[in-house]
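A look at the structure
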Amino acid sequence: MEKIESALYLIPVTLGETSYERALPEYNRSIIRGIKNFIVENKRSAIRFLKLADKDIDIDSLSFVELNEHTELKNIAHHLDPLIKQKLPMGVISEAGCPAVADPGAAVVEIAQKKNLKVIPLVGPSSMIMAVMCSGFNGQSFAFNGYLPVKPNERAGKLRQLENRAQNEKQTQLFIEAPYRNLKMMETILSVCRKDTLVCVAAGLTTEQEYVHTHTVAEWKEIQEIPINKVPAIFLIYR
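Anyway, here's the lowdown on the structure attached to this text. Along each chain, the written sequence defines residue order, and numbers are assigned to residues from 1. This being a predicted model, a pLDDT of at least 70 is required before a residue's local features are given, and a value of 80 or more before pairs of side-chain atoms are given or counted; all residues contribute to the totals for chains, interfaces and linings. Here the side-chain values reflect all heavy atoms present in the structure, with hydrogen atoms and water set aside.

**Here we look at the sheet that holds strand E3 (residues 63-66)**
The criterion for strand pairing is that DSSP finds at least two bridges linking the strands in question. Here a helix means four or more residues in a row that DSSP labels H or I, a strand means two or more in a row labelled E, and each is numbered from the N terminus. Spatial strand order, E3-E2-E4-E1-E5: five strands in an open sheet with parallel pairing. Looking along the sheet, the strands with just one partner apiece sit at the ends: E3 and strand E5 (119-121). The sheet shows a mean angle of 25° between the axes of neighbouring strands, direction not considered. The pairing of strand E1 (residues 8-11) with E5 spans three bridges and is classified as parallel. Residue pairing for E5: Leu 8 is matched across the bridge by Val 119. Residue contacts follow a heavy-atom distance rule, with two residues in contact if any of their heavy atoms lie within 4.5 Å. A fitted line through C-alpha atoms serves as each axis, taken over the contacting stretch for helices, and the angle formed by two N-to-C directions is quoted from 0 to 180°. Each of E1, strand E2 (37-40), strand E4 (90-93) and E5 touches helix H5 (residues 106-114); the most contacted strand, E1, lies at about 150° to it.

Take a look at the structure:
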C-alpha cells in the first residue's frame with residue numbers, strides 16, 4: 001500500500017444506492033486504503049461506503065469517531081489526535097455527498113484550519129452543485145438555505161422571502177427537506193409561490209431514481225405524479 005501524505009482528507013461518498021464507479025474517481029480508493037482513522041457522521045453508513053469502495057478492506061483495523069448533530073462540539077478537538085500527535089492521515093466521511101458542505105464535518109475542518117493542519121478535499125458528487133448545473137437557473141449567484149421552517153405559516157413566509165430574493169436579486173435559491181416529506185414540500189411550494197416562478201426538483205442524483213425537471217409553478221400543477229417520495233432531493237426556485 002502506498003503511503004499517503006499526513007493530512008485531513010475530505011472523502012466524498014455516493015449520494016444514494018449506486019456503484020462506486022458511477023460517482024467517484026479511482027484515485028479516491030488509493031487514499032481510502034491509506035487511512036486508518038476516520039471521523040464520520042454515522043459509523044454504520046461509513047462502513048457500508050468503505051466496503052463499497054474496497055470490498056477487501058479490513059474494517060476491524062480501522063478507528064472511527066462520530067461527529068453529528070448529537071456531538072458536543074467542545075469535545076471534538078481530540079478527534080484530530082491521530083493527525084496532530086502521530087502525524088497519521090485522517091479521513092472525514094459524511095452520510096452522503098461531500099463532507100463539510102451542509103454537514104457537521106465542517107466543525108472539525110474549522111479546527112484543522114485553526115491548527116494549520118493540511119486539509120485535502122477529494123473529488124466527488126455534491127448534490128447542490130449538480131442541482132444548479134442541471135436546473136437551467138443562475139449558476140453565478142446561488143444560495144443554499146438548508147431546511148425550511150416546519151411550521152406552515154413560517155414555511156410559507158420563508159418561501160415567499162426566497163421567491164422575492166430570486167426575483168429581485170436574480171439569485172437561485174436552493175433548499176432541502178426530509179425525503180419522506182418531499183411531496184408535502186412540493187405541495188406547499190405550489191400553493192405559496194407565484195404561478196410564473198420557476199421551480200426545479202433534482203432528486204436521486206446519480207442513482208437509478210434520478211429525476212430532474214424544471215417547470216413553472218403553473219406547469220407543475222398540471223403534472224399528476226412526481227416520483228420523489230422518500231428520495232433525497234434538492235429544491236430550487238428562480239424568477
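**A look at H5**
For every residue, the accessible area (1.4 Å probe, protein chains only) is compared with the maximum for its type, and the residue is labelled buried under 20%, exposed over 50%, or partly exposed between those bounds. Where H5 is concerned, the buried positions are Ala 107, Val 108, Val 109, Ile 111 and Ala 112. At the exit of H5 stands Asn 116, carrying a positive phi of roughly 60°.

**A few points about helix H6 (residues 127-135)**
Regarding H6, the residues found buried are Met 128, Ala 131, Val 132 and Ser 135. Buried residues of H6, viewed axially, fall in a sector of 100°; they line one side. Taken together, the buried residues of H6 touch strand E6 (142-147), strand E7 (172-176), strand E8 (198-203), strand E9 (211-216) and strand E10 (233-238). The arc in question is formed by the directions pointing from the helix axis toward the C-beta atoms.

**Some points on the pattern of salt bridges**
Basic side-chain nitrogens of Lys or Arg form a salt bridge, by our definition, when they fall within 4 Å of a carboxyl oxygen of Asp or Glu. According to the stated counting rule, one finds twelve salt bridges in the structure shown. The shortest N-O distance in the salt bridge between Glu 163 and Arg 194 comes to 3.9 Å. Remark: Arg 194 occurs in the loop between helix H8 (182-192) and E8 and Glu 163 occurs in helix H7 (residues 152-169); sequence separation between them is 31 residues. Residue Arg 194 is classed as partly exposed on the basis of its relative accessible area of 35%. Salt-bridge contacts for Glu 187 lead to Lys 184; the nearest nitrogen and oxygen are separated by 3.3 Å. Taken as a pair, Glu 187 and Lys 184 lie in helix H8 at a separation of three residues, close to a single helical turn. A relative accessible area of 49% means that Glu 187 is categorised as partly exposed. Residue classification places Lys 184 among the partly exposed positions, given a relative accessible area of 47%. Linked by salt bridges that have partners in common, Glu 21, Glu 26 and Arg 29 make up one network.

**So, unusual backbone geometry**
What you tend to see is this: most non-glycine residues have negative phi, and most peptide bonds are trans. Unusually for a residue other than glycine, Ala 100 sits at a positive phi of about 75°. Along the chain, Ala 100 falls in the loop between E4 and H5. Overall, the relative accessible area of 24% leaves Ala 100 in the partly exposed class. You will see that Lys 230, though not glycine, has its phi angle at about 65°, which is positive. The residue Lys 230 is located in the loop between helix H9 (217-220) and E10 in this model.

**Notes on the sheet that holds E8**
One open sheet holds the five strands; their spatial order is E6-E7-E10-E8-E9, and the pairing between them is mixed. Because the sheet does not close on itself, it has two edges, and the strands there are E6 and E9. Neighbour to neighbour, the strand axes of the sheet diverge by 20° on average, direction disregarded. Where E8 meets E10, six bridges bridge the pair, whose relative direction is antiparallel. Note that in E10 the partner of Ala 203 across the bridge is Ala 233.

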